[in-house]
Amino acid sequence: MSAQSAPPPHGAERFLAIRRPFEVGYWLLSCALSAIGNTATARIDVDRAGLDFAAWEIASWETSSAIAVLLLVPPLIAFTARWPVHLDNIARRLPLYLAASLVWSLAHVGLMVGMRKLVYAWHGEIYVFGDAFGYEYMKDARTFLGLVLLHVYRALVRRLQGEASLLSAPDDDSPPVEPVERPSRFVVRKLGREFLVAADDIERVQAAGNYADLHVRGKVYPLRITLTELESRLDPARFLRVHRSHLVNLHRIASIEPLDSGDARLHLHDGAVVPCSRRYREGLLAAMVG
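Reading the values: the criteria
Along every chain, residues carry numbers that run from 1 in the direction the sequence is written. With the structure being a predicted model, the display of local features is reserved for residues of pLDDT at least 70 and the display and counting of side-chain atom pairs for 80 or more, all residues being used for whole-chain, interface and lining totals. Values shown for side chains rest on all heavy atoms present in the structure; no hydrogens or waters enter the calculation. Helical segments are the DSSP runs of H or I of at least four residues, strand segments are the runs of E of at least two, and each set is numbered from the N terminus. Only protein chains enter the accessibility calculation, which uses a 1.4 Å probe; a residue is then buried when its area is under 20% of its type maximum, exposed when over 50%, and partly exposed in between. Pairing between strands is defined by DSSP: at least two bridges between the two strands are required. On a range of 0 to 100, pLDDT expresses the predictor's confidence in each residue. Pairs of residues are marked as contacts when any of their non-hydrogen atoms sit within 4.5 Å. Simply put, an axis is a line fit to the C-alpha atoms, just over the touching stretch for a helix, and the angle between two N-to-C directions goes from 0 to 180 degrees. Salt bridge criterion: a side-chain nitrogen from Lys or Arg within 4 Å of a carboxyl oxygen from Asp or Glu.

1. Notes on the overall build of the protein
Next up, step 1: A tally of helices and strands in the protein yields eight helices and eleven strands.
Next up, step 2: Among the 290 residues that make up the protein, the fraction classed as buried is 37%.

2. Overview of the pairing of strand β11 (residues 273-276)
Note on strand geometry: in a regular strand, side chains alternate between the two faces of the sheet.
Next up, step 1: Burial of β11 is one-sided: the residues Val274 and Cys276 facing one way are buried, the residues Val273 and Pro275 facing the other way are not.
Next up, step 2: Judged from the four bridges that link them, strand β10 (residues 264-268) and β11 form a sheet pairing that is antiparallel. Within β11, the residue paired with His267 across the bridge is Val273.
Next up, step 3: Between the end of β10 and the start of β11, which pair antiparallel, lie four residues, with Gly271 showing a positive phi angle near 95°.

3. Re the confidence of the model for the protein
Next up, step 1: The predicted model of the protein has a mean per-residue pLDDT of 81, with 79% of residues at 70 or higher.
Next up, step 2: In the predicted structure, residues 1-7 sits below a pLDDT of 50 and forms 15 contacts with residues beyond four places in sequence or in another chain.

4. Let's talk about the side chain of Ser65
Next up, step 1: Along the polypeptide, Ser65 turns up in helix α3 (residues 55-82).
Next up, step 2: Judged by relative accessible area, Ser65 falls into the buried class, the value being 19%.
Next up, step 3: With residues up to four places along the chain from it excluded, the contact list for Ser65 reads His108, Met112 and Arg116.

5. Quick notes on the sheet that holds β10
Next up, step 1: Strand order in the open sheet formed by three strands is β9-β10-β11, and the pairing between neighbours is antiparallel. Strand pairing shows two members of the sheet lacking a second neighbour, β9 (253-258) and β11, which therefore form its edges. Between one strand and the next, the sheet's axes are offset by a mean angle of 25°, whatever the strand orientation.
Next up, step 2: Relative to β9, helix α8 (residues 278-289) is tilted by about 135°, and along the sheet it contacts β9, β10 and β11.

6. Some points on the pattern of salt bridges
Next up, step 1: Summed over the entire model, instances satisfying the criterion amount to nine salt bridges.
Next up, step 2: The shortest N-O distance in the salt bridge between Asp201 and Arg252 comes to 3.8 Å. In this pair, Asp201 is assigned in the loop between β3 (193-198) and β4 (204-208) and Arg252 in the loop between β8 (246-249) and β9, connecting sequence segments 51 residues apart.
Next up, step 3: A salt bridge links Arg278 to Asp263; the shortest N-O distance between them is 3.8 Å. Separated by 15 residues along the polypeptide, Arg278 in helix α8 and Asp263 in the loop between β9 and β10 bring together distant segments of the chain.
Next up, step 4: Classification of Arg278 as exposed rests on a relative accessible area of 55%.
Next up, step 5: The exposure class assigned to Asp263 is partly exposed, which follows from its relative accessible area of 25%.
Next up, step 6: A single salt-bridge network, built from bridges that share partners, covers Asp201, Arg217 and Arg252.

7. Concerning the pairing of strand β7 (residues 239-243)
Next up, step 1: For β7, a buried count of four out of five residues is recorded, marking the element as mostly surrounded by other parts of the structure.
Next up, step 2: Bridge count between β7 and β8: four bridges; the pairing is antiparallel. Across the sheet, the residue bridging to His243 is His246, located in β8.
Next up, step 3: Between β7 and β8, which pair antiparallel and follow one another directly, the connecting turn spans two residues.

Following this line, the structure appears as structure tokens:
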């Protein structure tokens, strides 16, 4: 195992640098193409059946469905991050995911029906959904399953960016390298390589479902631990909770920007901006002075 810094940037790291806009662009483009393609297909089916529906009606059906899916992607991603599925827990997770698919379908139907009613009212018409929930659920269940399978993509992303673990938690039965109560280093496994990250080099930590993302020199390494548990293990003289979802390294704070609401923004030396809740602001100021 090497104690050197991470290997130089390569193609995977260049992808990670544009990961967020790539993912947002993917969902926007995917839902737009879905709305356009389904509208064209529905129009052909309506014409073949000799049904009397205006073009705006057909467009409203498919566009509202696509927009509803787009709105429900973030909570679904948060759900699968909070309760991930692995080969060893599929049986235990199945009832939860079946219930979630029903809730997701209800939310999808509710959103798209609401949008359709608004469009129909705009045209002086009344939209009636009827008793088609069973039909919609069959479609939504397939969509839900497809979105859940994106867990494979997120696992690949974690492999590309590297995943952290406690150095004091070896895979075998050998004794810990250092006390688990106050780890000074973390192991990062990335694309088959391992290297060490000093706790003091962590600029900030952000909660991400059942992970805590370690931000180190412009890179993010997820650690499978809750933010509260990690906070209890890091040096309180250096790391401080400033928000329910954020810890910061006090030595990395460049300035504090107070807000009229009583909250604050923390500007770090690396250019990052971290929110600071009012409930943590006094403790932060006392720690900075001390």
